[in-house]
Every structure is written in C-alpha cells, then in structure tokens.
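Residues per chain are reported as follows:
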Amino acid sequence: MNISIIGTGYVGLVTGTCFAELGNHIICADNDKSKIDMLNKGGVPIYEPGLESLIKKNVAGGRLEFISDISNAVKASDVIFICVGTPSTDDGSADLSAIEHVSREIAKHINSYKLIVEKSTVPVETGEWVKKTINEFKKSSAEFDVASNPEFWREGSAIDDFMKPDRVVIGVDNKKSEEILKELYGPLDTKIVVTNIKGAEIIKHASNSFLATKISFINALSNICDKTGADINAVAEGIGLDSRINTHFLKAGVGFGGSCFPKDIKAFIYIAEKLGYPFGLLKEVDKINELQKKNVVKKLKDLIWNLKGKVIGVWGIAFKPDTDDIRSAPAIDIIKMLLEEGVKIKAFDPVAMDRAKSELGDKITYCKDIYEAAASSDCVIVMTEWNEFKEIDWKKVKESMHQPVIFDGRNIYNPAKLKELGFKYCGIGRR
Ligand code: NAD
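All values derive from a computational prediction rather than experimental measurement.

Enquirer: Would you mind showing me how to read the site of the ligand here?
Expert: Taken together, 28 residues lie near the ligand, and Asp30, Lys35, Thr86, Glu155 and Lys263 sit nearest. A distance of 2.7 Å is found between a nitrogen atom of the ligand and a side-chain nitrogen or oxygen belonging to glutamate 155. Serine 259 is positioned such that a nitrogen or oxygen atom in its side chain is 3.5 Å from a nitrogen atom of the ligand. With the chains in place, 88% of the 830 Å² that the ligand exposes on its own is no longer accessible. Breaking the shell around the ligand down by element, the ones donating at least two residues are α1 (10-21) and α5 (97-109). In terms of residue count, α5 provides more of the shell around the ligand than any other element does, 3 residues in total. When the residues that make up the shell around the ligand are grouped by side-chain class, the tally is 10 nonpolar, 10 polar and 8 charged.

Written out as structure tokens, the structure is:
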C-alpha cells in the first residue's frame, strides 16, 4: 500500500519503518525540517534498539522516504496515519491543535479516496472532529474515511512489540476501512479487535490508565511495606503469580513517567469529567504517582539528614531502560526537587545525556559513567533500571563515595548484600 505517516517522532518513525518492512511504500512526513534533513542524511533522531538498521534497510530498498512537504505526502498516499503529538495542557486536557492542523492540511490536499487513521493517542470523539474538520475545509470532491488504530508498543522494545503485538485494535465505521486495515496488518498474524472509532479511542486511554493503576497500586503498597518492614518485591510476587493478576506492571519504584501514562491519565480524567463522570479512581492513581516522587526527597532526608550542600549521584535519567526518552521522567522531576533543596547533582544515563542536557542545562554535572557519578557523593540514587547498572564494582563505588549510601529507586539490588558490603541501603518498600 502507499502510506503516509504525518508526524515522524517516536511513533511515526517506528510505525513507518515497520510498515515499510512489511512491504508497503511509506512516506514519513514531519513539519520539523531539521528532523527530516537528519533522517535524509542517514541520522536517527531517537534512540530505539534496532531502529537504525531497519530504517537503512528500507530506505535502501526504496520503501521508505522522508519529506517535510505534507501536501505531497497526502497526495501520494491511499492511507494516512496521523502520528503527531497530543501533549497535556495546563488543565490536563490533551492539546489537539496538531491533530486539527494536520486534518486541515489533509483537507486542503486531498485528491482521491483516503483512509485517515488516528494513530496518536486522542480522547474519545476526536475522530468526529477530524471528520468534521476535513469535510469543512475540503476543496475537492474526493471521498475519505476516518479510523482509529491506537498504538500499544513500549519504547525500548517498540519494533518487536509492533511486529508481535498482543492484539491490534481498529476502530472503524464501515467495512471498507476495516478491510484496508485488516489487509495492512494481515502479515502480523495477530488477533484484530474491531470496534467503532469511539471504542478504539477509549481502549487506548483505558489501557494506559489500567497499567498506570497497577503501578500506583503497588507503589501505594510499598508505603505500607516501608512502615511495617515487609518486602514489596515479595509482596508483588505473591500477588502477581495469581494468573488473574499477573506480575507485569507490579514493580514498585519512584513513580511512572514517560510521554504517555502521565498525560493520558490526565486527559482521560479530563474527558470523563467533561462527559459527566468524575473518574475518582484515576485521580487517585495520578495523586499516588506524584506523592511517590515527593517521598523520595522525604526518604533522602531520613537517610542523610540535611540535603542542602549534599552531593547526590543519579544513576539513570530516562523514564525507563533502553530509551533516551526523558519526557515526564520521574528522574527529571526528582532532580528538580533536589536542586530546590540545594543539592548538587552528578548524573549519568547510558543514552539520555543529550536530552537531559537540553532539559536541565548547566544546573547539574554530567558524568561519563556511574562511577564518576558516585564519586564524592553522599548518596547514589537509582532512577532507571538499566541492565548495565546491575553488575557493578561495589568496592570501587564505596571507596569513592563520601558516604556509602544507596537509594535503590527501582529495587534492583539485594539489600542484604549491599549492607554486608558496608552500604546504608534504602529501597522502595524494602530495607
Ligand atoms: P513525538 O513528539 O516524538 O512526535 C510527534 C511528531 O509530530 C514530531 O516529530 C513533530 O515535529 C510532528 N508534528 C507536530 N505537528 C505536526 C504537523 N502539524 N505536521 C507534521 N508533523 C507534525 O511524539 P510521539 O512520542 O511519537 O507520540 C505521538 C503520539 O503517539 C502521541 O499522541 C502519543 O501519545 C502517542 N503514543 C506514543 C507512544 C510512545 O511510546 N511514544 C506510544 C503510543 C502512542
């Protein structure tokens, strides 16, 4: 199929590349010319394992191209995926201005039948607005349909998740759209859930909200464990091995982050409220997450007393391992809180350093590895559970620290082992 992807960020670039890999002809378009120039020069603006080589292969195969002229992308394709950002606004609602902008661009340049697919995460009823907008601004008599096809993959394993999804969800309002999308996803050999557009829009918000609820649930329990001396990892295992519950998303930590959960929960709360249902459960999920980050600062005070003037080594900045994405990363919020307390931060992340520099500038010291970040510090705090943080030379770390204190914000270490090595240890819901 001839497909255009409008918005070549994390989602657009992975989606476009994977559809190209499945044999389609893909045009990835973006109004950020610098991004397109970089891609055309062989660069990749994001870190995602396996993506660079897959892009190269499909560009070389003539199935994948990058342009900044949206009009040509619209004209040349039969199916258009909208993959632009839908960030949070101050009141928690999703900012849909990029979706509206793209809808108008499509309307202006539509020249033949198009299936327009929302891939961006959007509140229920956005599809109606896309349809209305295109109809209002359309100059030709060309027909079109709108569909919803939310994305569920995880950054860090996006390509694998795309190619082997648990399911594909498509929201359509006619057979033609259903058949086009079923044909497109045919090679993936997975369950396709077909519903109407509003149903698909709700599925995405509900799915992220449910996963975030699991995380806030286990984080709330970690506070009970902190107060009682129970071990949250054992509690999580004891709960999660029940197949009705399962162990996924039951890892206590410094809070969830990333470009999706925090914003999608807020947007879902907002739209539910607007529809006349105040979604109290989700408000609590959001509140627990904010508290979890503040608790880190409180616990640090219990560990090393006054924070002013202290040096804290931060291991990991990305919101999760295997990505350079720092959007709404708990590490960023916690670093900012610590800076306000007068703490000096020395940080290291295996791939997110450049993005951290653009967010935090010269407010912190950027280190070349975990050892440099730990040196002369009063405490090291683990914010991201990178695999490479699991096997380390503890003797070297201990000798270089000002005080040997480890705050294990992701519960990746064995408390007994660290204590034996002479560290003061604090985890999340475990001591
Ligand atoms: P992103 O910011 O990385 O990418 C968005 C891209 O859209 C940017 O490159 C931007 O320049 C471009 N853009 C904005 N306005 C445009 C316009 N008018 N015309 C052309 N291009 C335009 O965001 P992302 O992480 O790729 O997320 C995109 C959407 O997908 C969001 O709604 C997000 O919630 C959803 N989503 C993200 C993930 C994820 O893991 N990142 C997963 C599932 C769903």
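Enquirer: Sorry, what's going on with the domain arrangement of the chain here?
Expert: Bring the parts together and some accessible area is lost; that lost area is often taken as the interface size. You can read the domains of the chain as domain 1 (2-195) and domain 2 (208-427). Spacing between the C-alpha centres of domain 1 and domain 2 amounts to 33 Å. The three residues of domain 1 that bury the most area against domain 2 are Tyr10, Tyr47 and Glu155, which together make up 38% of that side's buried surface. Linking domain 1 with domain 2 are 1 salt bridge, by the criterion used here. With a closest N to O distance of 3.8 Å, arginine 327 and glutamate 155 form a salt bridge. On inspection of domain 1 and its partner domain 2, the count reaches 7 residue pairs in polar contact (both at pLDDT 80 or more). Looking at the side of domain 1 that touches domain 2, its residues break down into 9 nonpolar, 6 polar and 4 charged.

Enquirer: What is the right way to read the sheet that holds strand β11 (residues 365-366) from this model?
Expert: Backbone-to-backbone hydrogen bonds join strands into a sheet, with any given pair of strands oriented parallel or antiparallel. The sheet built from 6 strands is open, its strands ordered β11-β10-β9-β12-β13-β14 with parallel pairing. Either end of the sheet is taken by a strand with one partner, and the two such strands are β11 and β14 (424-426). Strand direction decides the pairing type here: strand β12 (residues 379-382) and strand β13 (residues 405-408), joined by 3 bridges, are parallel. By the bridge assignment for β13, valine 382 is matched with aspartate 408.

Enquirer: Before we go on, may I ask you to explain the side chain of glutamate 201 in this structure?
Expert: One can find glutamate 201 in helix α9 (residues 197-228). Among buried charged residues, glutamate 201 stands out as having no salt bridge; its nearest opposite-charge side chain is lysine 198, 7.4 Å away. Here glutamate 125 takes part through its backbone nitrogen, which lies 2.7 Å from a polar atom of the side chain of glutamate 201. Each residue touching glutamate 201, except ones within four places of it in the same chain, is listed here: Glu118, Val122, Pro123, Val124, Glu125, Thr126, Gly127 and Ser148.

Enquirer: Whenever I open this one, helix α8 (residues 175-185) confuses me. Can you help?
Expert: For an α-helix the count is 3.6 residues per turn, leaving residues at separations of three or four pointing the same way. Residues of α8 that are buried include every one of Ser177, Glu178, Ile180, Leu181, Leu184 and Tyr185, and no others. Projected onto a plane normal to the axis of α8, the buried residues spread over an arc of 165° and lie on a single side. Of the residues in α8, the exposed ones pointing more than 90 degrees away from the buried face are Lys175 and Glu183. Two to three positions downstream of the cap, the backbone nitrogen of lysine 176 sits 3.3 Å from a side-chain oxygen, assigning the N-cap of α8 to asparagine 174.

Enquirer: Explain the pattern of salt bridges to me, please; I cannot follow it from the model alone.
Expert: Close approach of charged atoms allows side chains with opposite charge to pair. According to the stated counting rule, one finds 28 salt bridges in the structure shown. Between aspartate 173 and lysine 131 there is a salt bridge, and its shortest N-O distance comes to 2.6 Å. Residue aspartate 173 is located in the loop between β7 (168-171) and α8, and its partner lysine 131 is located in helix α6 (residues 126-137); the two are separated by 42 residues in the primary sequence. In this structure, aspartate 286 engages lysine 266 in a salt bridge whose closest nitrogen and oxygen atoms are separated by 3.3 Å. With a gap of 20 residues between them, aspartate 286 in helix α12 (residues 280-304) and lysine 266 in helix α11 (residues 261-274) connect regions that are remote in the sequence. Assessed through its relative accessible area of 14%, aspartate 286 is described here as buried. Judged by its relative accessible area of 27%, lysine 266 is partly exposed. Taken together, the salt bridges that share partners define one network made up of Glu155, Asp325 and Arg327.

Enquirer: How do you make sense of α1 when you look at a structure like this?
Expert: Taking 1.5 Å of rise per residue, 12 residues should cover 16 Å, and α1 covers 17 Å from first to last C-alpha, within 8% of that figure. Of all 12 residues in α1, 10 are buried; the element is thus mostly enclosed. All of the buried residues in α1 are Tyr10, Gly12, Leu13, Val14, Thr15, Gly16, Thr17, Cys18, Phe19 and Ala20. Positive phi appears at glycine 23, one or two residues downstream of α1, with a value of about 105°.

Enquirer: I keep staring at the pairing of β12 and nothing clicks. Help me out?
Expert: Residues in a regular strand project their side chains so that they alternate between the two faces of the sheet. Along β12, one buried face is formed by Cys379 and Ile381 and the opposite face, lined by Val380 and Val382, is buried too. Of the pairings in the sheet, the one linking strand β9 (residues 311-315) to β12 comprises 4 bridges and is parallel in character. Looking at β12, one finds that glycine 313 is bridged to valine 380. Since β12 and β13 lie parallel, the crossover through helix α16 (residues 394-400) that links them has a hand, and here it is right-handed.

Enquirer: I would appreciate a short explanation of the packing of α9 against α11 in the present structure.
Expert: Working note: a packed helix pair is described by the angle between its axes plus the distance between those axes. Relative orientation of the contacting elements α9 and α11 amounts to 115°, with a least axis distance of 9 Å. Where α9 crosses over α11, the handedness of that crossing is left-handed. Each of Ile202, Lys204, His205, Ala206, Asn208, Ser209, Leu211, Ala212 and Ile215 in α9 lies in contact with α11, whose residues at this interface are Phe261, Asp264, Ile265, Ala267 and Phe268. The residue makeup of the contact of α9 with α11, split by class, is 9 nonpolar, 3 polar and 2 charged.

About the thresholds
- Residues numbered from 1 in each chain as written.
- Predicted model: local features only at pLDDT ≥ 70, side-chain atom pairs only at ≥ 80, totals over all residues.
- Heavy atoms only, no water.
- Near = heavy atom within 4 Å.
- Polar contact = N/O pair within 3.5 Å; in protein donor to acceptor, adjacent residues only side chain to side chain.
- Areas by Shrake-Rupley, 256 points an atom, 1.4 Å probe, with all protein chains shown as cover.
- Helix = DSSP H or I, 4+ residues; strand = E, 2+ residues; numbered from the N terminus.
- Nonpolar A, V, L, I, M, F, W, Y, C, P; charged D, E, K, R; others polar.
- Domains from an automatic or database assignment.
- Buried area = accessible area lost by both parts, 1.4 Å probe.
- Salt bridge = Lys/Arg side-chain N within 4 Å of Asp/Glu carboxyl O.
- Pairing = 2+ DSSP bridges.
- Buried < 20%, exposed > 50% of the residue type's maximum accessible area, 1.4 Å probe, protein only.
- Lys, Arg positive; Asp, Glu negative; His and termini not counted.
- Contact = heavy atoms within 4.5 Å.
- Arc of directions from axis to C-beta.
- Expected span 1.5 Å × (residues − 1).
- Right-handed = clockwise from strand over helix to strand, strands pointing away.
- Axes fitted to C-alpha atoms, helices over the stretch in contact; angles between N-to-C directions.
- Left-handed = near helix turned anticlockwise from the far one by under 90°.

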